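Survey of secondary and tertiary structure
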Amino acid sequence: MSKTETLADTQPDKGGPAQPLLIVRNLQKYFPVRGGIFGGKKAVVQAVDGVSFEVKKGETLGIVGESGCGKSTTARLLIGLLDKDKGEIIYDGQDLGGTLSLRELRRGVQMVFQDSYASLNPRLTIEASIAFGARIQGLSDPVGRARKLMERVGLAPDRFAQRYPHEVSGGQRQRINIARALAMSPRLVVLDEAVSALDKSVEAQVLNLLADLRREFGLTYIFISHDLNVVRYISDRILVMYLGEVVEIAPVDDIWTSQAHPYTRSLFSAMPSMDPDNRTKEPPLAGDPPNPINPPSGCRFHTRCRFSEDVCKAKVPLLHPLTAGSDHLAACHLHDISSGHSKAGKDVFE
Amino acid sequence: MHVMARDLIYLRTATVFTYFLRRVILMLPVAFGVSVICFMLVQIAPGDPLTAIMPVDATADEQAAMRAIYGLDKPLPVQYAIWIGNLFQGDMGKSIATGRPVADEVFGAVQNSLLLAFSAAVIAFPIGIFLGFLAGYFRDTLLDRAVTAISIAGVSVPNYWLGIVLVIIFSVNLGWLPSMGAGPGGSQDWAWDWLHMRHLVLPAVTLAVVPIGIVARTVRALAGDLLTQDFVTALYAKGMSRGDVLRHVARNAAATALSVMGLQLGYLLGGSILIETVFNWPGSGFLLSNAIFQRDLPLLQGTILVLALFFVAMNLIVDVAQAAIDPRIKRS
Amino acid sequence: QGTLRVGMTAADIPLTTGQTDQGGEGMRFMGYTVYDSLIEWDLTSADKPSALIPGLATAWSVDDADKTKWTFTLREGVTYHDGSPFTAADVVWNFDKLLDETSEQYDSRQAAQGKSRIPAVASYTAIDDYTLEIITKTPDATLPYQLAWILISSPAQFEAVGKDWEAFAASPSGTGPWKLETFVPRERAELVPNTAYWDETRIPKLDKMVLIPLPEPNARAAALLSGQVDWIEAPAPDTIPAMTGNGFVISSNAYPHNWTWHLSRTEGSPWNDIRVRQAANLAVDREGMSALLGGLMIPAKGFLPPSSQWFGTPTFDVRYDPEAAKALLAEAGYSLENPLKVKALISPSGSGQMLPLPMNEYLQQNLAQVGIDVEFVVVEWNQMINLWRAGAEDPSVEGAMSINFTYFIQDPFTGLIRHLSCDLIAPNGTNWGHYCDPEMQGLFDQIKNTFDAEEQDAVMRATHEKYVNDALFLMVTHDVAPRALAPNVKGFVQAQNWYQNFSSITME
Amino acid sequence: MALIETHGLEDPISEAGKGYWSGVGSRLIRDPVTMICLGVILLLILSAVFAPYLGLADPYTGSMIKRLAPIGTEGHILGTDEQGRDMLARLIYGGRLTLFIGLMPVVLAFFIGGALGIVAGYLGGWVNTVIMRTVDVFFAFPSVLLAIAISGALGAGILNSLVSLTIVFIPPITRVAEAVTSGVRSLDYIDAARASGANALTVIRVHVIGNVLSPIFVYATSLTSVCMILAAGLSFLGIGVRPPEPEWGLMLNTLRSAIYINPWLSALPGLMIFITSLCLNLLSDGVRSAMNVKD
Amino acid sequence: MTENLVDIRNLNVRFSGARTVHAINDLTLTLKQGETMALLGESGSGKSVTLKTLLRLLPPKRSHIDGNIVVNGVDVLTLSGKKLQAYRGEEVSMVFQEPGLALDPVYTVGDQIAESVMRHKGVRKDEALSTALDMLRRVRIPSPERRLHNYPHELSGGMLQRVMIALALACRPRLLLADEPTTALDATVQIQILLLLRDLQKEFGMGVIFVTHDIGVAVEVSERIAVMYAGQIVEEGTTREIIKDPRHPYTRGLLAANLHDAARGARLNAIPGAPPPLDTRPDACSFAPRCPLAEPQCLAALPPVHSPNDRRRVACIHPNAPILAE
Ligand SMILES: Nc1ncnc2c1ncn2[C@@H]1O[C@H](COP(=O)(O)OP(=O)(O)OP(=O)(O)O)[C@@H](O)[C@H]1O
Ligand SMILES: Nc1ncnc2c1ncn2[C@@H]1O[C@H](COP(=O)(O)OP(=O)(O)OP(=O)(O)O)[C@@H](O)[C@H]1O
Ligand SMILES: [Mg+2]
Ligand SMILES: [Mg+2]
């Protein structure tokens, strides 16, 4: 199987290499929670609130954050499974809802879900599941495509094509899901906790596969995970979310060595140590993440932040570069000299 | 600490109350729909409801006069408006066959039906729960099979037929129990003594057969399901005895079981028509079958309306009770 | 002494205010028990058809000059259950109850039941306390029979309960041998003797009579067999062996009831041919049908039961003779190969209809054997009544040429006149088949104008002879009003009537 | 991490490639009770369908002389009814009508209610609100009451029974269909299908129907016995099938008084109803466990 | 023998039913008083079954257990009735993976802790409740008075796991079994719970068996690690030994797959394939089909147990093979 063969149907590049493949601006999604005497709207879950980022062509953006911080919601918004409340999604220079239709977007962006079992129709054979999208998109020879992809993800078509999802193992199912997403020759694949449910040994296999595919098909990934090690391994840049907001974005090495946002820092410190002689002494954070239904005012992290001051309660910190022109961005008053935070601009972590 | 506890109880009561209010408000459109359906029953009925009560050789004029008395000569929406307006004043019209107010007839009959339904429930629920628990606890054993067989037989038996058979055996052949009526002196002088209660035995037992089956099946499923849950393992893990575990399971099952039983009570009330006919029990079902055969449509309408509203209310009570028992009140 | 518990076929306690509903059974149990009429039926004999006897009126006569003017002498010393005395003014009050919509005592429910029973009455006046005058619209010798329908309720009681029939129903008052003590709608009514009844021979011997509606035949049977009632009306034929086997007594007797096919005589009806009518009558194996009814029937020999005082001596012998039937049909142009096809209206149920479906199917088989193919149009009983009122020409009968009906045939009007009179052609009256024959009409007029009872009986016989000879109906059977009694019920004499006397009964 | 059960990579399932339904089938075949019940129901259906070719007596005509002949009478193995008609023939022909008005309403309700429920469950929003609130209203009536009310108002007759029973069974099936569909709707594979650009109709056709049909079907089968008992009950009450049609409920009614003469005979229709509904129930339970659909 | 708190010898557990599973195969394990041992292994390797066997929580009808288990001098496999109840919760208690599922949803958390205390300490309800309150304090739940009257669904995941731990420790057991208690939790919460457990272990001085599939977690809490594969212990040693000097190829694979210091973009040293189905009792090295060092004899017989020092063992024919790259 040659590379060109599979990529024949890939959407042509429009904006050139400098144009980010995806630009997201101010994305917002609130979920109404019903309640009250009249069963009317009572509260909203502010699942995603003003998220902005870019994904360059060919890079992998890792998104990390605790449970409920809006990672999956962001992913679903990106491929139009949820309707956004506000914000822009610009795919290769074209605005979704403007020059770009949802259908076209879905040719270019595909998704792999966490629960490998729930994301396969139990009544379809593996081959049919993979071929479905290609058939819908009107691509040539969907079944042939499916079989080639199966081979590519390491499942012999002759043995697996006619099986049903419950007849294969978890790692194999996740490979199928990957093949299914690739069947439409997307350029961007959103992987929502795609390896989280797998055992360590299988996880490594799948990660290897993902890395190979990226290279081979020139894919761009958005890789969502709560496992920092995994994100670090696969990503070029890391985006950290907290309660529906982006708190920090930076190239992986930058963030690995110095986290700008106190939350990011806590998150990294919360990773179990691998050194028996140097175990974690002190939990970096106390308590559980607050409820996104009524998120704290100002900086949403202020309730758990060591450096919290009045300004944090009052004012929403904006995402901005640590130094002018830097691609390390954080949303924290500590890094904004003009914020009025007493420790602003100082190196507080040591 | 105790102040806190009391606050929490207050909070819970308040939540249950809010829940109750919301349920009541949600119930209103249903009640409206119910009234429309009941009203339409008369309209879909072919023929003239007055036929049955006029002497066969009554003249056309005499019939027209009667029709005017019952308001059957007015256009439909007007009839509905009048009907619903009267309903709000507690007036459900008059029975065509007897001329008595439908409300009196229905409420008298519903009381008798309630008596019967409750008696059946008193028989059915403990037996059903016991059998179901047994089967759920000893899942996949011979005992489970036996209980399942009993409960399936219970829901499969045409109970009207069973009623006839029981009458033949216990009333006609053995002469142990009366075959009909609500007591030696009718329902009016009901008393809680054997003389009266023996009249309840056969109809109540007959009526209990189906809910025994249903309750047993429900409880079996519930108990079986709960017993496989993690918290049961955790209970054993902290050294609880079998009895303690069963107590926990029962408490967990209570809300669901209660709601199933509440619904069953509603079904018993509304579904006893065949049994009441077989046993000449002066309840709502008996009234209904009379209404049907005499084509006494106002009575038919009224009886069904009252039973349906009763059922709606029962649902409401069950829901709220469930919410009150189960700390995991659904908020949406 | 003792309490007699009766299982009625009605689904409800009949109307208790006077004029009852629930048909013959209502009159039987709640009419002539609690109330009296001016003229009543003699219910003391089981052996002969009952005749009219004085009730609240002791004598009546028609004016010789003006045959529309009747004078009634009323019984003195009669009091209602509430203690108020009975007078002629009360009778006027009761007529107004039924006929005068402007009167305060007008009761639409009683009127619905009673008005049509006295079509002859034009006006009425109380001459004095015990003399009543009634003017009829036209001369009508059947007035006494009509008046036997009308029951007299107590005006004083009506006054006492606040002029409200609803309230009156709960504590009614009449002059009858029984007083209504308590009553629970749809469940039971308890009657106790009126010890002050004017006819001492009819003061009930029982302590109490309880009426229990048990519409379902098997529930009735079970109730009797399990000792919850002592008497049931109309036991289902198949339950009778079980009853007699256990010592229960089946009482039955002829009475004025018949089960017929009322034939259409409209244009184009095959029944217009007398040969066809006679053939059909000859085709029916009535004895065979008896098995189906457990023997509880009297095979028809005419329109009226053979024991009727009005039976006469018809020349056409209603019997089972399929050969003769075939011969007649052959004359009329039909045969087994070329059968006559007719549609017949039947209903699966209905009061007094006995066992309509099996009986009709049986008839269908009988008729098929001689060359009459019957197709049934089956309708609900209520619909059937509507169709019966509408008449044979109404499109809603869907071309049916006969209707299976049972008739109360207790008096000249209900017995003979109403079915075939030209002025009662449906939908204006009860002549379903649109029959109109001058000769018959002459006979009817004669009945109405013959004021001597015996002469009138003679005319009635002549009329019935014509009914039979012309085979105007498919005459099938008469009911025998079976009732099952517990062994300890004694002293019941079943009169040949729709109504019965319960006063003589005792419980052992 | 017990989310995923792991198999060896080599060939975890020996019967690889085997379809879902063949699995259900083989589980069914291994369940003797269900197979017996299936046999009984098939036998009833077949004998009902082929009744005219079984050389039975005419179920409509009988002889009064031979009425209520006991079971085992020569020429009438199961005796004769109150009009001397052959019981065997009437029971078999009766199976026709009884099964017809016992099963047909559920079949109709399965299609109507299933379609309504799937649409409501998949589309959600106001469509869901309209459909489900209407369904709620019907739920305010206990099913027996609703059937009797409608039949009572419409009057007796096969068609009327069919209409009233169908109306009774549409709401519960709609509710289940809606619940199942909205459950499936929230699964990732539906999202995956939508993400591939398929429109609602295609998604419903390819991904929804296949996965919701069997639970709805299983639920519907559990209603058949209720429906049959109810249908027979209507006839028993006199507001279902009209005489002289043979129908078990009606036969039960007309043979009621014969219980004093020939109790076994009059018990036959009741027994037939009981056996059939028992088999329907057991069959539905068997199918349910074979399909492994949770309640 | 007596110095061992837990002494498991040649334990075999087999499940019968629709399919037979040989979940535990000849497992031998000892734990000393006050020691914390992590049981490490991938899904299905028998970690939970081991814990459940220790508490006799397996369904008696479908599980077949043989071997020997002595906990604190008590022969666990012969316990029954009241003795078993006294043993569970008092001697040994357990913390579950999903605290939300392991707590009874219709009782308040206070009641559930008190219930256990009442049963084992025979005290009255109010006394038990104050013990419960004290325990909630010790697991550092904020405003414990209020939490005492909360139902499980009213608490967050981290809070619930604290409650679960409070419940397990309420009767001061000598042995605590923890079955992946932090898997369902967020990273920032997980570390809190791990450190809490570590502290409480010191404070209460009990023995702990901590099941996990995450090596990092094992390192944080344990002194010793036993690596399980297909129902057997393939390697055991101190945490330091296992991390710094893994001997069994499976342990090495696991460590390699841990990404902790995997170079970005470099291929991961993944263990190929998947664990074996356990439908037959292994009569050879279960890991052999996936093992890069496998030799014919690995598939012929069970590997010998090599024991370089007193409490260190490796079940492999190559206990001393150098670490191979790829
Ligand atoms: N359809 C929905 N309706 C209401 N609330 C929702 C819905 N989907 C998500 N939410 C809420 O929005 C918030 C963000 O959810 P989301 O699934 O995006 O989180 P996540 O970061 O993916 O978490 P996890 O790591 O658990 O997958 C959560 O509080 C969640 O409960
Ligand atoms: N009650 C049981 N009946 C049958 N098989 C069982 C039972 N409990 C566990 N097993 C099987 O025993 C094997 C070991 O299971 P166990 O739960 O101990 O794995 P684990 O190591 O805890 O895995 P995980 O990390 O997924 O929790 C598995 O194959 C499992 O399917
Ligand atoms: Mg997510
Ligand atoms: Mg486990």
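Residues numbered from 1 in each chain as written. Chains lettered and ligands numbered in written order. Predicted model: local features only at pLDDT ≥ 70, side-chain atom pairs only at ≥ 80, totals over all residues. Heavy atoms only, no water.

In this complex, chain A contributes 40 residues to the contact, which on the side of chain E involves 46 residues. Taken together, the two surfaces of chain A and chain E that pack against each other cover about 3600 Å², and 53% of this comes from carbon and sulfur. Together, A:Tyr233, A:Met274 and A:Arg279 form the three largest contributors to the area buried by chain A at its contact with chain E, with a combined 21%. The tally of links between chain A and chain E comes to 3 salt bridges. Between A:Asp277 and E:Lys244 there is a salt bridge; the shortest N-O distance is 3.2 Å. Elements with a contribution of two residues or more to the side of chain A that touches chain E: helix 8 (200-217), helix 9 (228-234) and helix 10 (252-257) of chain A. Examining the composition of the side of chain A that touches chain E, we find that 8 residues originate from one element, helix 8 of chain A, more than from any other. Of the residues that constitute the side of chain A that touches chain E, the class distribution is 16 nonpolar, 9 polar and 15 charged. (Contact = heavy atoms within 4.5 Å. Buried area = accessible area lost by both parts, 1.4 Å probe. Salt bridge = Lys/Arg side-chain N within 4 Å of Asp/Glu carboxyl O. Helix = DSSP H or I, 4+ residues; strand = E, 2+ residues; numbered from the N terminus. Nonpolar A, V, L, I, M, F, W, Y, C, P; charged D, E, K, R; others polar.)

By the definition in use, this model includes 44 aromatic pairs over all chains. Both rings, one in C:Trp149 and one in C:Phe408, keep their centres 5.1 Å apart while their planes meet at 40 degrees; by these two values the pair is tilted. Placement of the pair is C:Trp149 in the loop between helix 4 (143-147) and helix 5 (155-160) and C:Phe408 in strand 17 (residues 402-408), with a sequence separation of 259 residues. With 6.3 Å between their ring centres and 80 degrees between their planes, C:Trp261 and C:Phe376 make a pair best called edge-to-face. Separated by 115 residues along the polypeptide, C:Trp261 in strand 13 (residues 257-263) and C:Phe376 in strand 16 (residues 372-378) bring together distant segments of the chain. Aromatic rings pair up to connect C:Tyr32, C:Trp149, C:Tyr255, C:Phe408, C:Trp498 and C:Tyr499 into one cluster. Just above the ring of A:Phe160 sits the side chain of A:Arg163; from NZ or CZ to the centre is 4.5 Å. Here the guanidinium or amino end of D:Arg185 rests over the ring plane of D:Tyr122, the centre of that ring lying 4.9 Å away. (Phe/Tyr/Trp six-rings, centres within 6.5 Å; stacked < 30°, edge-to-face > 60°. Lys NZ or Arg CZ within 6 Å of the ring centre and 35° of its normal.)

Moving on, we get to unusual backbone geometry. All names here are of chain C. The backbone of lysine 163 sits at a positive phi, close to 55 degrees, despite the residue not being glycine. Here lysine 163 is to be found in the loop between helix 5 and helix 6 (165-170). With a phi angle near 45 degrees, alanine 234 is a residue other than glycine that sits in the positive phi range. Among the secondary structure elements, alanine 234 is positioned in the loop between strand 11 (231-233) and helix 8 (240-245). Taking relative accessible area as the criterion, alanine 234 reaches 34% and is therefore assigned partly exposed. (Buried < 20%, exposed > 50% of the residue type's maximum accessible area, 1.4 Å probe, protein only.)

Facing 40 residues of chain D, the contacting portion of chain B comprises 41 residues. Summing both sides of the interface, chain D and chain B together bury roughly 3400 Å²; the carbon and sulfur share of this comes to 79%. The shortest N-O distance in the salt bridge between B:Arg217 and D:Asp285 comes to 2.6 Å. Taken together, chain D and chain B are joined by 5 residue pairs in polar contact (both at pLDDT 80 or more). (Polar contact = N/O pair within 3.5 Å; in protein donor to acceptor, adjacent residues only side chain to side chain.)

On to the site of ligand 1, then. Residues and elements named next belong to chain A. Around ligand 1, a shell composed of 13 residues is seen, among which Ser67, Gly68, Lys71, Ser72 and Thr73 lie nearest. Here an oxygen atom of ligand 1 and a side-chain polar atom of glutamate 193 are 3.4 Å apart. Relative to its free-state accessible area of 630 Å², ligand 1 is covered by the protein chains to the extent of 62%. Taken together, the elements giving at least two residues each to the shell around ligand 1 come down to strand 2 (41-55) and helix 2 (71-78). Looking at the shell around ligand 1, the element that brings in the most residues is helix 2, giving 3 residues. (Near = heavy atom within 4 Å. Areas by Shrake-Rupley, 256 points an atom, 1.4 Å probe, with all protein chains shown as cover.)

A separate point is helix 7 (residues 188-195) of chain D. Counting buried positions along helix 7 of chain D yields 8 of 8 residues, so the element is predominantly enclosed. D:Gly197, located one to two residues past helix 7 of chain D, shows a positive phi value of around 95 degrees.

It is worth spelling out the UniProt feature "transmembrane region" (unreviewed entry) in chain B at this point. Residue and element names in this part refer to chain B. Mapped onto the present numbering, the UniProt feature "transmembrane region" (unreviewed entry) falls at residues 20-45, 114-138, 159-177, 197-216, 257-279 and 299-321. Helix makes up 100% of residues 197-216 and strand 0%, with an end-to-end C-alpha separation of 26 Å. The distance separating the terminal C-alpha atoms of residues 257-279 is 30 Å; by composition the span is 91% helix and 0% strand. (UniProt positions renumbered as here; feature names shortened; annotations may be inferred.)

This next bit is on a nonpolar patch on the surface. All names here are of chain D. Nonpolar side chains collect at one region of the surface, where Ile45, Leu46, Val49, Phe50, Tyr53 and Leu54 lie side by side and expose about 600 Å² of accessible area between them. Along the polypeptide, isoleucine 45 turns up in helix 2 (residues 32-49). Isoleucine 45 gets classed as partly exposed once you look at its relative accessible area, which sits at 32%. (Patch = residues over 30% accessible without salt bridge, like charges linked within 9 Å, V, L, I, M, F, W, Y side chains within 5 Å.)

In the UniProt entry, the feature "domain: ABC transmembrane type-1" (unreviewed entry) is given for residues 110-322 of chain B. Across residues 110-322 of chain B one finds 81% helix and 0% strand; the C-alpha atoms that close the span lie 25 Å apart.

Before going further, it helps to examine the sheet that holds strand 6 (residues 109-112) of chain A. All names here are of chain A. Spatially, 6-7-8-3-9-10-12-11 is the arrangement adopted by the 8 strands of the open sheet, whose pairing is mixed. Edge strands, defined here as strands with exactly one partner in the open sheet, are strand 6 and strand 11 (320-321). By the bridge criterion, 4 bridges tie strand 3 (residues 60-64) to strand 8 (residues 220-224) in an arrangement that is parallel. From the neighbouring strand, threonine 60 faces strand 8, where its bridge partner is tyrosine 221. On the sheet, helix 2 packs against strand 3, strand 6, strand 7 (188-192), strand 8 and strand 9 (237-242) and is oriented at approximately 150 degrees with respect to strand 8. On top of the sheet, helix 7 (residues 170-182) reaches strand 6 and strand 7; it is set at about 170 degrees to strand 6, its chief contact. (Pairing = 2+ DSSP bridges. Axes fitted to C-alpha atoms, helices over the stretch in contact; angles between N-to-C directions.)

Residue and element names in this part refer to chain C. The strand order across the open sheet formed by 7 strands is 8-9-10-1-11-19-12, and the pairing between neighbours is mixed. The sheet terminates laterally at strand 8 (178-184) and strand 12 (249-251), the two strands that pair on one side only. Ignoring which end each strand starts from, the neighbouring axes of this sheet average 20 degrees apart. Most of the contacts of helix 1 (residues 23-31) go to strand 11, to which it runs at about 150 degrees, and overall it touches strand 1 (3-8), strand 8, strand 9 (188-193), strand 10 (208-213), strand 11 and strand 19 (483-485). The sheet contacts of helix 7 (residues 217-225) involve strand 1, strand 11 and strand 19, and relative to strand 11 the element is tilted by about 165 degrees.

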